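What the coordinates show
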Amino acid sequence: MPTTAPAPLSADDAGALYTALQAGPLAGTPVTTLRIGSTQTTLASGDGPQARLLRSLPIGARATAALCFAHQPPTGAELETAIARVEDAVMPVRGLLVERSTLFTADAGIRQVALAAGLEAQPEMLLTLDAVERTFERLAAWSEGRPASQDDLPQEPAFAATLLILREAMQHLGFADIVVRSDAVV
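For clarity, every value in this text was computed on a predicted model and none was experimentally measured.

Conventions and cut-offs
- Residues numbered from 1 in each chain as written.
- Predicted model: local features only at pLDDT ≥ 70, side-chain atom pairs only at ≥ 80, totals over all residues.
- Heavy atoms only, no water.
- Helix = DSSP H or I, 4+ residues; strand = E, 2+ residues; numbered from the N terminus.
- Buried < 20%, exposed > 50% of the residue type's maximum accessible area, 1.4 Å probe, protein only.
- Contact = heavy atoms within 4.5 Å.
- Areas by Shrake-Rupley, 256 points an atom, 1.4 Å probe, with all protein chains shown as cover.
- Pairing = 2+ DSSP bridges.
- Phe/Tyr/Trp six-rings, centres within 6.5 Å; stacked < 30°, edge-to-face > 60°.
- Lys NZ or Arg CZ within 6 Å of the ring centre and 35° of its normal.
- Expected span 1.5 Å × (residues − 1).
- Arc of directions from axis to C-beta.
- Core = buried A, V, L, I, M, F, W, Y, C linked by side-chain atoms within 4.5 Å.
- Axes fitted to C-alpha atoms, helices over the stretch in contact; angles between N-to-C directions.
- Parallel < 35°, antiparallel > 145°, perpendicular 65-115°, else oblique.
- Nonpolar A, V, L, I, M, F, W, Y, C, P; charged D, E, K, R; others polar.

Of regular secondary structure, the protein chain possesses 6 helices and 6 strands. Walking the protein chain from its N terminus toward its C terminus, one meets helices and strands in the order α-β-β-β-α-α-β-α-β-α-α-β. Within the protein chain, the fraction of its 186 residues that count as buried is 49%. Within the protein chain, counting contacts between residues at least 6 apart in sequence, those at least 24 apart form 67% of the total. Carbon and sulfur atoms make up 54% of the accessible area of the protein chain, which totals about 9000 Å².

Next up, the structure:
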């Protein structure tokens, strides 16, 4: 099977955020940035003006939802299938990230996860893996039959996929939290 080159990164990808952070007060600081797009997830990592790693992974919110979720909410088996797919995409990147870096994003979907996790809307929020896990547990409970009316969790398939991708990325890349910035403070 021939391999295809990753799609070029867009202006609102992880690389653009990395460059903006390194051009400001975080210059020289170990930083990893994450963006979960519609069809791909991008990561940038380094500690200088140019990222040492700039990678596009073949997992995105809408693509993962379309490929893995036939039901709304997704079934437990569909969540497990999506988890395996995301793990396969994320795991090879772990050893390539700059050590002791802080994870950042300006991704609107991840911001929506932070708000669903109960964080107060601010220009910069710290979303912990524990809060992501608790939010994912709410999704899992919904998939197991809890009525949607008992929870204010967004019901779009892309939200479920973003939450799942974020959870797996944080777990498998070794991040205990992620700094969620608004576009205004990037």
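With 5 of its 6 residues buried, strand E1 (residues 31-36) lies for the most part within the structure. As defined by bridge partners, E1 adjoins strand E2 (residues 41-46) across 6 bridges and the pair is classed as antiparallel. Considered in E2, the bridge of Val 31 is made with Gly 46. What sits between E1 and E2 in their antiparallel hairpin is a turn of 4 residues. With 3 bridges joining them, E1 and strand E4 (residues 102-105) adopt parallel strand pairing. Note that in E4 the partner of Thr 32 across the bridge is Leu 103.

The full count for this structure, using the stated rule, is 0 aromatic pairs. The aromatic ring of Phe 136 is capped on one face by Arg 167, whose charged end is 4.1 Å from the ring centroid.

End to end, helix H3 (residues 76-90) covers 21 Å across 15 residues, agreeing with the expected 21 Å (1.5 Å per residue, within 8%). The set of residues buried in H3 consists of Glu 78, Leu 79, Ala 82, Ile 83, Val 86, Ala 89 and Val 90. One side of H3 holds all its buried residues, which, seen down the axis, span an arc of 140°. More than 90 degrees from the buried face of H3, the exposed residues found are Ala 77, Glu 80 and Asp 88.

The next thing to look at is the nonpolar core. Residues Leu 127, Leu 166 and Ile 178 are the most contacted members of the largest nonpolar core, which totals 47 residues. With sequence-adjacent residues up to four places away left out, Ile 178 is seen in contact with Leu 34, Leu 103, Phe 104, Thr 105, Ile 110, Met 125, Leu 126, Leu 127, Leu 166 and Met 170. Core analysis: the second largest hydrophobic core is formed by 8 residues, Leu 17, Tyr 18, Leu 21 and Val 179 among them.

In this structure, Thr 105 sits in strand E4. You can call Thr 105 buried: its relative accessible area is 0%. In contact with Thr 105, not counting residues within four places along its chain, are Leu 17, Leu 34, Arg 35, Ile 110, Ile 178, Val 179, Val 180 and Arg 181.

Attention now moves to the environment of Ala 114. Note that Ala 114 resides in helix H4 (residues 108-116). Given a relative accessible area of 0%, Ala 114 falls into the buried group. Sequence spacing of Ala 114 and Val 132 is 18 residues, and the spatial spacing of their C-alpha atoms is 7.8 Å. Ignoring anything within four residues of it in the chain, the contact list for Ala 114 reads Leu 119, Met 125, Leu 127 and Val 180.

Residues Gln 72 and Pro 73 are joined by a peptide bond in cis, for which omega reads 0°. Inspection of the secondary structure assignment puts Pro 73 in the loop between helix H2 (61-68) and H3. The backbone of Arg 100 shows a phi angle near 55°, a positive value even though the residue is not glycine. Inspection of the secondary structure assignment puts Arg 100 in the loop between H3 and E4.

This paragraph deals with the packing of H4 against helix H6 (residues 157-173). Here H4 crosses H6 at 90°, and the two axes come no closer than 9 Å. Judged on the interaxial angle alone, H6 and H4 are roughly perpendicular. On H6, the residues that touch Gly 109, Ile 110, Gln 112, Val 113 and Ala 116 of H4 are Phe 159, Thr 162, Leu 163 and Leu 166. Among the residues forming the contact of H4 with H6, the class breakdown is 6 nonpolar, 3 polar and no charged.

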